[in-house]
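Structural characterization, general
Here is what each chain is made of, one letter per residue.
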Amino acid sequence: MKILVNAETKEVSTHVLSDILVELGYGDVKIATALNAAFVAKTARAQTQVVAGDRLEIVTPRQGG
Amino acid sequence: MRQFYGATLSSRLMLGTAQYPSPAILTDAFRRSDAGVATVSVRREAGRGGEGQDFWDLIAALGVKVLPNTAGCHSVREAVTTAHMARELFDTTWIKLEVIGHSDTLQPDPFGLVEAARILCDDGFEVFPYTTEDLVLADRLLEAGCQVLMPWGAPIGTGLGLNNIYGLRSLRAHFPDVAMVIDAGLGLPSHATMAMELGYDAVLLNTAVSKAGDPAQMAKAFACAVEAGFLAHQADPMPARDMAAPSTPVIGKAFLE
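The structure presented is a predicted model; accordingly, all values stated were derived computationally and were not measured.

**A look at the overall build of chain A**
From N to C terminus, chain A includes one helix and five strands. A compact globule built from 65 residues should have a C-alpha radius of gyration of about 11 Å, and chain A, at 11 Å, falls within 12% of that. Seen along its three principal axes, the alpha-carbon backbone of chain A occupies a region of about 40 × 25 × 20 Å. When the 65 residues of chain A are sorted by exposure, 46% land in the buried category. Looking at chain A alone, contacts between residues at least 24 apart form 52% of all its contacts between residues at least 6 apart. A total accessible area of about 3,100 Å² is found for chain A, and carbon and sulfur atoms account for 52% of it. Put simply, chain A has 7 plus and 7 minus side-chain charges, and the middle of one group is 7 Å from the middle of the other.

**Focus: the packing of helix H3 (residues 76-90) of chain B against helix H4 (residues 110-122) of chain B**
All names here are of chain B. Direction vectors running N to C along H3 and H4 enclose 35°, while the axes themselves pass 9 Å from each other. The handedness of the crossing between H3 and H4 is right-handed. Residues Val76, Val80, Ala83 and His84 of H3 form the contact with H4, whose own contacting residues are Gly112, Glu115, Ala116, Ile119 and Leu120. Of the residues assigned to the contact of H3 with H4, the class counts are six nonpolar, two polar and one charged.

**Re unusual backbone geometry**
All names here are of chain B. We note that Ala184 has phi near 90°; this positive angle belongs to a residue other than glycine. Positionally, Ala184 belongs in the loop between strand S9 (179-183) and helix H7 (189-197). Although it is not a glycine, Asp236 sits at a positive phi angle of roughly 60°. Looking at where Asp236 falls in the secondary structure, it is placed in the segment after helix H9 (215-234).

**A closer look at the side chain of Asp183(B)**
All names here are of chain B. Take Asp183: it is sitting in strand S9. A relative accessible area of 3% means that Asp183 is categorised as buried. A distance of 3.3 Å separates the side chain of Asp183 from the side chain of Lys96, its partner in a polar contact. Sequence-distant contacts of Asp183, defined by excluding residues within four places in its chain, comprise Lys96, Tyr130, Met150, Pro151, Trp152, Gly153 and Leu204.

**Considering the interface of chain B and chain A**
One widely used convention gives an interface's size as the accessible area the parts lose upon coming together. With 29 residues of chain B at the contact, the number on the chain A side is 28 residues. Taking both partners together, chain B and chain A bury about 2,500 Å²; carbon and sulfur atoms supply 56% of that area. Where chain B meets chain A, there are three salt bridges. Glu88(B) is the salt-bridge partner of Arg45(A), the closest N and O atoms lying 3.3 Å from each other. Considering every element that reaches the side of chain B that touches chain A, the biggest residue donor is H3(B), with seven residues. Classifying every residue of the side of chain B that touches chain A gives nine nonpolar, eleven polar and nine charged. For strand S5 (residues 55-63) of chain A and strand S4 (residues 37-44) of chain B, the ladder comprises five bridges, and the chain directions are antiparallel. Across the sheet, the residue bridging to Arg62(A) is Ser41(B), located in S4(B).

**What about the packing of aromatic side chains?**
Residue and element names in this part refer to chain B. By the definition in use, this model includes four aromatic pairs over all chains. Geometrically, the ring pair formed by Trp56 and Phe90 is edge-to-face, given 5.4 Å between the ring centres and 65° between the ring planes. Within this pair, whereas Trp56 is found in helix H2 (residues 51-62), its partner Phe90 is found in helix H3, the two being separated by 34 residues in sequence. Ring pairs connect the aromatic residues Phe4, Tyr5, Trp94 and Phe128, which therefore count as one cluster. Positioned over the ring face of Trp94 is Lys65, at 4.5 Å from the centre of the ring.

**What about the packing of helix H1 (residues 23-33) of chain B against H2(B)?**
Residues and elements named next belong to chain B. Their axes nearest at 10 Å, the elements H1 and H2 cross at an angle of 20°. Here H1 is positioned roughly parallel relative to H2, judged by the angle of their axes. Here the hand of the crossing between H1 and H2 comes out right-handed. Touching Pro23, Leu26, Thr27, Phe30 and Arg31 of H1 are Leu58, Ala61 and Leu62, all from H2. Its residues assigned to classes, the contact of H1 with H2 comprises six nonpolar, one polar and one charged.

**Let's talk about the side chain of Thr81(B)**
In this structure, Thr81(B) sits in helix H3. Given the relative accessible area of 11%, Thr81(B) is considered buried. Sequence-distant contacts of Thr81(B), defined by excluding residues within four places in its chain, comprise Ala34(A), Ala37(A), Ala38(A) and Phe39(A).

Conventions we followed
- Residues numbered from 1 in each chain as written.
- Chains lettered and ligands numbered in written order.
- Predicted model: local features only at pLDDT ≥ 70, side-chain atom pairs only at ≥ 80, totals over all residues.
- Heavy atoms only, no water.
- Helix = DSSP H or I, 4+ residues; strand = E, 2+ residues; numbered from the N terminus.
- Rg over C-alpha atoms; globule rule 2.2 N^0.38 Å.
- Buried < 20%, exposed > 50% of the residue type's maximum accessible area, 1.4 Å probe, protein only.
- Contact = heavy atoms within 4.5 Å.
- Areas by Shrake-Rupley, 256 points an atom, 1.4 Å probe, with all protein chains shown as cover.
- Lys, Arg positive; Asp, Glu negative; His and termini not counted.
- Charge placed at Lys NZ, Arg CZ, Asp CG, Glu CD.
- Axes fitted to C-alpha atoms, helices over the stretch in contact; angles between N-to-C directions.
- Left-handed = near helix turned anticlockwise from the far one by under 90°.
- Nonpolar A, V, L, I, M, F, W, Y, C, P; charged D, E, K, R; others polar.
- Polar contact = N/O pair within 3.5 Å; in protein donor to acceptor, adjacent residues only side chain to side chain.
- Buried area = accessible area lost by both parts, 1.4 Å probe.
- Salt bridge = Lys/Arg side-chain N within 4 Å of Asp/Glu carboxyl O.
- Pairing = 2+ DSSP bridges.
- Phe/Tyr/Trp six-rings, centres within 6.5 Å; stacked < 30°, edge-to-face > 60°.
- Lys NZ or Arg CZ within 6 Å of the ring centre and 35° of its normal.
- Parallel < 35°, antiparallel > 145°, perpendicular 65-115°, else oblique.

Set out below in C-alpha coordinates:
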(Lines give C-alpha, C1' and ligand atoms only; values in the text may rest on other atoms or scores of the structure.)
Protein backbone atom coordinates (compact mmCIF):
# COMPACT_ATOMS: atom_id res chain seq x y z
CA MET A 1 0.00 0.00 0.00
CA LYS A 2 1.02 3.62 -0.44
CA ILE A 3 1.38 5.98 2.52
CA LEU A 4 2.86 9.44 2.97
CA VAL A 5 6.08 9.46 4.98
CA ASN A 6 7.26 12.97 5.79
CA ALA A 7 5.22 14.17 2.82
CA GLU A 8 6.78 11.68 0.39
CA THR A 9 4.80 8.76 -1.04
CA LYS A 10 6.22 5.41 0.02
CA GLU A 11 5.19 1.86 -0.82
CA VAL A 12 5.11 -0.42 2.23
CA SER A 13 4.14 -4.07 2.59
CA THR A 14 2.76 -4.17 6.12
CA HIS A 15 0.06 -2.43 8.15
CA VAL A 16 1.78 -2.39 11.55
CA LEU A 17 3.60 0.84 12.34
CA SER A 18 6.59 -0.75 14.06
CA ASP A 19 7.07 -3.09 11.08
CA ILE A 20 6.76 -0.20 8.64
CA LEU A 21 9.50 1.67 10.47
CA VAL A 22 11.80 -1.35 10.21
CA GLU A 23 10.95 -1.75 6.53
CA LEU A 24 11.78 1.92 5.93
CA GLY A 25 15.12 1.54 7.69
CA TYR A 26 14.27 3.23 10.99
CA GLY A 27 14.45 0.14 13.14
CA ASP A 28 17.30 1.31 15.34
CA VAL A 29 17.17 5.05 14.72
CA LYS A 30 16.28 7.56 17.46
CA ILE A 31 12.92 8.84 16.21
CA ALA A 32 9.47 9.92 17.31
CA THR A 33 6.34 9.36 15.27
CA ALA A 34 2.94 10.85 14.55
CA LEU A 35 0.25 9.24 12.44
CA ASN A 36 -2.28 11.53 10.80
CA ALA A 37 -1.03 14.35 13.07
CA ALA A 38 -1.54 12.34 16.27
CA PHE A 39 1.45 11.35 18.38
CA VAL A 40 2.17 7.61 18.51
CA ALA A 41 4.39 6.62 21.44
CA LYS A 42 7.18 4.15 20.86
CA THR A 43 5.40 1.67 23.11
CA ALA A 44 2.24 1.87 20.98
CA ARG A 45 3.81 1.36 17.55
CA ALA A 46 3.42 -2.42 17.56
CA GLN A 47 -0.33 -2.03 18.19
CA THR A 48 -0.88 0.78 15.69
CA GLN A 49 -2.49 -0.11 12.37
CA VAL A 50 -1.70 1.95 9.29
CA VAL A 51 -3.93 2.08 6.23
CA ALA A 52 -3.37 3.30 2.68
CA GLY A 53 -3.17 7.06 2.42
CA ASP A 54 -2.19 7.60 6.06
CA ARG A 55 0.26 10.39 6.82
CA LEU A 56 3.24 9.29 8.87
CA GLU A 57 5.62 11.84 10.36
CA ILE A 58 9.04 10.70 11.53
CA VAL A 59 11.17 13.21 13.46
CA THR A 60 14.59 13.20 15.08
CA PRO A 61 16.55 15.56 17.35
CA ARG A 62 17.62 18.75 15.60
CA GLN A 63 19.15 22.13 16.27
CA GLY A 64 16.78 24.67 17.78
CA GLY A 65 16.66 28.08 19.36
CA MET B 1 19.92 30.83 41.91
CA ARG B 2 16.21 30.63 41.07
CA GLN B 3 14.87 27.13 40.53
CA PHE B 4 13.20 26.07 37.30
CA TYR B 5 10.67 23.36 38.09
CA GLY B 6 12.84 22.28 41.00
CA ALA B 7 16.08 22.32 39.02
CA THR B 8 18.90 24.62 40.02
CA LEU B 9 20.90 25.55 36.96
CA SER B 10 24.63 26.03 36.79
CA SER B 11 24.32 29.25 34.81
CA ARG B 12 21.89 32.09 34.10
CA LEU B 13 22.48 31.75 30.37
CA MET B 14 20.46 29.44 28.13
CA LEU B 15 21.77 28.97 24.62
CA GLY B 16 20.22 27.77 21.38
CA THR B 17 21.88 25.22 19.13
CA ALA B 18 20.80 26.43 15.68
CA GLN B 19 22.63 28.22 12.87
CA TYR B 20 26.25 27.66 13.97
CA PRO B 21 28.84 27.43 11.21
CA SER B 22 29.84 23.93 12.34
CA PRO B 23 29.27 21.40 15.16
CA ALA B 24 32.78 22.16 16.46
CA ILE B 25 32.01 25.87 16.75
CA LEU B 26 28.72 25.07 18.49
CA THR B 27 30.61 22.99 21.05
CA ASP B 28 33.22 25.71 21.52
CA ALA B 29 30.52 28.34 22.01
CA PHE B 30 28.81 26.26 24.68
CA ARG B 31 32.07 25.64 26.52
CA ARG B 32 32.94 29.34 26.60
CA SER B 33 29.41 30.43 27.48
CA ASP B 34 29.15 28.02 30.40
CA ALA B 35 25.44 27.85 29.50
CA GLY B 36 23.39 25.53 31.67
CA VAL B 37 20.64 24.81 29.16
CA ALA B 38 20.62 23.99 25.44
CA THR B 39 17.47 24.48 23.39
CA VAL B 40 16.79 21.91 20.69
CA SER B 41 13.99 20.98 18.31
CA VAL B 42 12.46 18.05 16.48
CA ARG B 43 12.40 17.95 12.71
CA ARG B 44 11.68 15.44 9.98
CA GLU B 45 14.29 12.76 9.49
CA ALA B 46 15.59 13.50 6.01
CA GLY B 47 17.34 10.25 5.30
CA ARG B 48 18.43 7.32 7.40
CA GLY B 49 21.97 8.51 7.85
CA GLY B 50 21.69 9.09 11.57
CA GLU B 51 21.90 12.87 11.35
CA GLY B 52 19.59 13.17 14.32
CA GLN B 53 21.59 10.69 16.34
CA ASP B 54 24.83 12.55 15.56
CA PHE B 55 23.30 15.80 16.75
CA TRP B 56 21.96 14.15 19.87
CA ASP B 57 25.40 12.69 20.67
CA LEU B 58 26.91 16.16 20.32
CA ILE B 59 24.35 17.71 22.68
CA ALA B 60 24.66 14.90 25.21
CA ALA B 61 28.42 15.47 25.31
CA LEU B 62 27.87 19.10 26.39
CA GLY B 63 26.55 17.91 29.75
CA VAL B 64 23.80 20.55 29.93
CA LYS B 65 20.06 20.32 30.49
CA VAL B 66 18.07 20.07 27.28
CA LEU B 67 15.04 22.25 26.60
CA PRO B 68 13.16 21.10 23.47
CA ASN B 69 10.99 23.63 21.71
CA THR B 70 7.85 23.62 19.59
CA ALA B 71 9.29 26.19 17.19
CA GLY B 72 7.31 26.82 14.04
CA CYS B 73 4.01 25.53 15.43
CA HIS B 74 1.06 27.74 14.59
CA SER B 75 -1.73 25.72 16.19
CA VAL B 76 -2.45 24.17 19.55
CA ARG B 77 -2.66 20.72 18.04
CA GLU B 78 0.69 21.03 16.27
CA ALA B 79 2.37 22.31 19.41
CA VAL B 80 0.93 19.61 21.65
CA THR B 81 1.86 16.81 19.24
CA THR B 82 5.36 18.24 18.81
CA ALA B 83 5.75 18.44 22.58
CA HIS B 84 4.85 14.78 22.93
CA MET B 85 7.36 13.80 20.27
CA ALA B 86 10.02 15.91 21.98
CA ARG B 87 9.33 14.37 25.38
CA GLU B 88 9.88 10.92 23.98
CA LEU B 89 12.96 11.84 21.93
CA PHE B 90 14.76 13.85 24.59
CA ASP B 91 13.44 12.02 27.63
CA THR B 92 12.49 15.24 29.42
CA THR B 93 9.25 16.78 30.63
CA TRP B 94 10.62 20.27 29.92
CA ILE B 95 9.16 21.97 26.86
CA LYS B 96 9.70 25.47 25.50
CA LEU B 97 6.21 26.11 24.26
CA GLU B 98 5.91 28.25 21.16
CA VAL B 99 2.53 28.79 19.50
CA ILE B 100 3.21 31.36 16.83
CA GLY B 101 0.43 33.78 15.98
CA HIS B 102 1.96 35.93 13.29
CA SER B 103 4.39 34.88 10.58
CA ASP B 104 6.19 38.22 10.20
CA THR B 105 6.79 39.03 13.83
CA LEU B 106 6.75 35.44 15.15
CA GLN B 107 4.87 36.80 18.12
CA PRO B 108 2.99 34.29 20.25
CA ASP B 109 -0.68 33.52 19.74
CA PRO B 110 -1.78 34.29 23.31
CA PHE B 111 -5.03 32.34 23.09
CA GLY B 112 -3.44 29.23 21.61
CA LEU B 113 -0.52 29.52 23.99
CA VAL B 114 -2.72 29.40 27.07
CA GLU B 115 -4.77 26.51 25.69
CA ALA B 116 -1.69 24.48 24.77
CA ALA B 117 -0.03 25.28 28.10
CA ARG B 118 -3.05 24.02 29.99
CA ILE B 119 -3.16 20.77 28.00
CA LEU B 120 0.55 20.13 28.45
CA CYS B 121 0.68 21.06 32.15
CA ASP B 122 -2.25 18.73 32.80
CA ASP B 123 -0.33 16.01 30.98
CA GLY B 124 2.73 16.31 33.19
CA PHE B 125 4.88 18.61 31.09
CA GLU B 126 6.94 21.36 32.70
CA VAL B 127 6.15 24.22 30.37
CA PHE B 128 8.41 27.18 29.54
CA PRO B 129 6.01 29.38 27.53
CA TYR B 130 7.44 31.81 25.00
CA THR B 131 5.21 34.77 25.72
CA THR B 132 5.02 38.56 25.60
CA GLU B 133 5.31 41.00 28.50
CA ASP B 134 1.50 41.13 28.79
CA LEU B 135 0.45 40.89 32.44
CA VAL B 136 -2.93 39.32 31.82
CA LEU B 137 -1.44 36.67 29.57
CA ALA B 138 1.17 35.95 32.22
CA ASP B 139 -1.56 35.51 34.80
CA ARG B 140 -3.44 33.07 32.54
CA LEU B 141 -0.29 31.05 31.89
CA LEU B 142 0.38 30.77 35.62
CA GLU B 143 -3.25 29.71 36.17
CA ALA B 144 -2.76 27.06 33.48
CA GLY B 145 0.03 25.56 35.54
CA CYS B 146 3.20 27.17 34.20
CA GLN B 147 5.84 27.85 36.85
CA VAL B 148 8.20 29.66 34.49
CA LEU B 149 7.54 32.53 32.08
CA MET B 150 9.66 33.44 29.09
CA PRO B 151 8.73 36.90 27.80
CA TRP B 152 10.33 38.10 24.60
CA GLY B 153 12.79 40.94 24.49
CA ALA B 154 12.01 41.56 20.82
CA PRO B 155 10.84 39.41 17.90
CA ILE B 156 12.88 36.24 17.37
CA GLY B 157 16.08 36.75 15.44
CA THR B 158 15.91 40.54 15.28
CA GLY B 159 18.65 41.39 17.76
CA LEU B 160 16.78 44.54 18.76
CA GLY B 161 17.16 43.99 22.49
CA LEU B 162 14.48 44.90 25.03
CA ASN B 163 11.71 46.63 23.10
CA ASN B 164 9.44 47.37 26.03
CA ILE B 165 11.43 48.13 29.15
CA TYR B 166 8.37 49.41 31.00
CA GLY B 167 6.40 46.26 30.22
CA LEU B 168 9.22 43.95 31.25
CA ARG B 169 9.86 45.89 34.46
CA SER B 170 6.16 45.79 35.23
CA LEU B 171 5.98 42.03 34.59
CA ARG B 172 8.93 41.40 36.88
CA ALA B 173 7.40 43.55 39.61
CA HIS B 174 3.99 41.90 39.40
CA PHE B 175 5.32 38.35 39.69
CA PRO B 176 8.39 38.61 41.92
CA ASP B 177 8.33 34.94 42.90
CA VAL B 178 8.01 33.45 39.41
CA ALA B 179 11.08 32.23 37.54
CA MET B 180 11.35 34.38 34.42
CA VAL B 181 13.65 34.22 31.42
CA ILE B 182 14.00 36.84 28.71
CA ASP B 183 13.73 34.80 25.53
CA ALA B 184 14.37 36.08 22.03
CA GLY B 185 15.38 39.30 20.37
CA LEU B 186 18.67 39.89 22.15
CA GLY B 187 21.50 40.96 19.87
CA LEU B 188 24.22 42.31 22.12
CA PRO B 189 25.64 41.39 25.50
CA SER B 190 24.46 44.76 26.83
CA HIS B 191 20.88 43.62 26.15
CA ALA B 192 21.46 40.61 28.37
CA THR B 193 22.96 42.78 31.08
CA MET B 194 19.91 45.02 30.96
CA ALA B 195 17.58 42.03 31.27
CA MET B 196 19.44 40.82 34.33
CA GLU B 197 19.54 44.32 35.82
CA LEU B 198 15.74 44.32 35.59
CA GLY B 199 15.75 41.30 37.85
CA TYR B 200 15.14 38.51 35.35
CA ASP B 201 16.51 35.14 36.35
CA ALA B 202 18.12 34.15 33.07
CA VAL B 203 18.28 34.94 29.38
CA LEU B 204 17.82 32.64 26.41
CA LEU B 205 19.40 33.48 23.08
CA ASN B 206 20.67 31.84 19.94
CA THR B 207 21.19 34.00 16.87
CA ALA B 208 23.23 36.67 18.65
CA VAL B 209 25.89 34.03 19.31
CA SER B 210 25.56 31.67 16.36
CA LYS B 211 25.55 34.46 13.76
CA ALA B 212 28.39 36.44 15.30
CA GLY B 213 31.65 36.50 13.39
CA ASP B 214 33.25 34.66 16.29
CA PRO B 215 30.48 32.71 18.04
CA ALA B 216 32.69 31.36 20.82
CA GLN B 217 33.95 34.79 21.78
CA MET B 218 30.43 36.23 21.65
CA ALA B 219 29.26 33.37 23.86
CA LYS B 220 31.89 34.33 26.42
CA ALA B 221 30.86 37.99 26.13
CA PHE B 222 27.23 37.05 26.88
CA ALA B 223 28.33 34.96 29.85
CA CYS B 224 30.18 37.96 31.30
CA ALA B 225 27.27 40.27 30.52
CA VAL B 226 24.74 38.04 32.27
CA GLU B 227 26.92 37.81 35.33
CA ALA B 228 27.46 41.59 35.36
CA GLY B 229 23.73 42.26 35.15
CA PHE B 230 22.95 39.76 37.87
CA LEU B 231 25.58 41.21 40.22
CA ALA B 232 24.33 44.73 39.53
CA HIS B 233 20.76 43.77 40.37
CA GLN B 234 21.91 42.12 43.59
CA ALA B 235 23.88 45.25 44.46
CA ASP B 236 20.70 47.40 44.56
CA PRO B 237 21.46 50.09 41.96
CA MET B 238 21.10 53.78 42.79
CA PRO B 239 17.86 55.44 41.66
CA ALA B 240 18.09 57.50 38.49
CA ARG B 241 17.32 61.23 38.76
CA ASP B 242 16.76 64.01 36.27
CA MET B 243 18.91 66.71 37.92
CA ALA B 244 22.67 66.59 38.28
CA ALA B 245 24.14 66.06 41.74
CA PRO B 246 27.84 66.55 42.37
CA SER B 247 29.63 63.50 43.65
CA THR B 248 32.63 65.45 44.93
CA PRO B 249 31.84 67.26 48.21
CA VAL B 250 31.04 70.96 47.80
CA ILE B 251 31.96 71.77 51.41
CA GLY B 252 35.64 72.55 51.73
CA LYS B 253 36.13 73.66 48.16
CA ALA B 254 38.79 76.37 47.99
CA PHE B 255 37.54 79.90 47.24
CA LEU B 256 39.45 80.89 44.12
CA GLU B 257 37.39 83.70 42.52
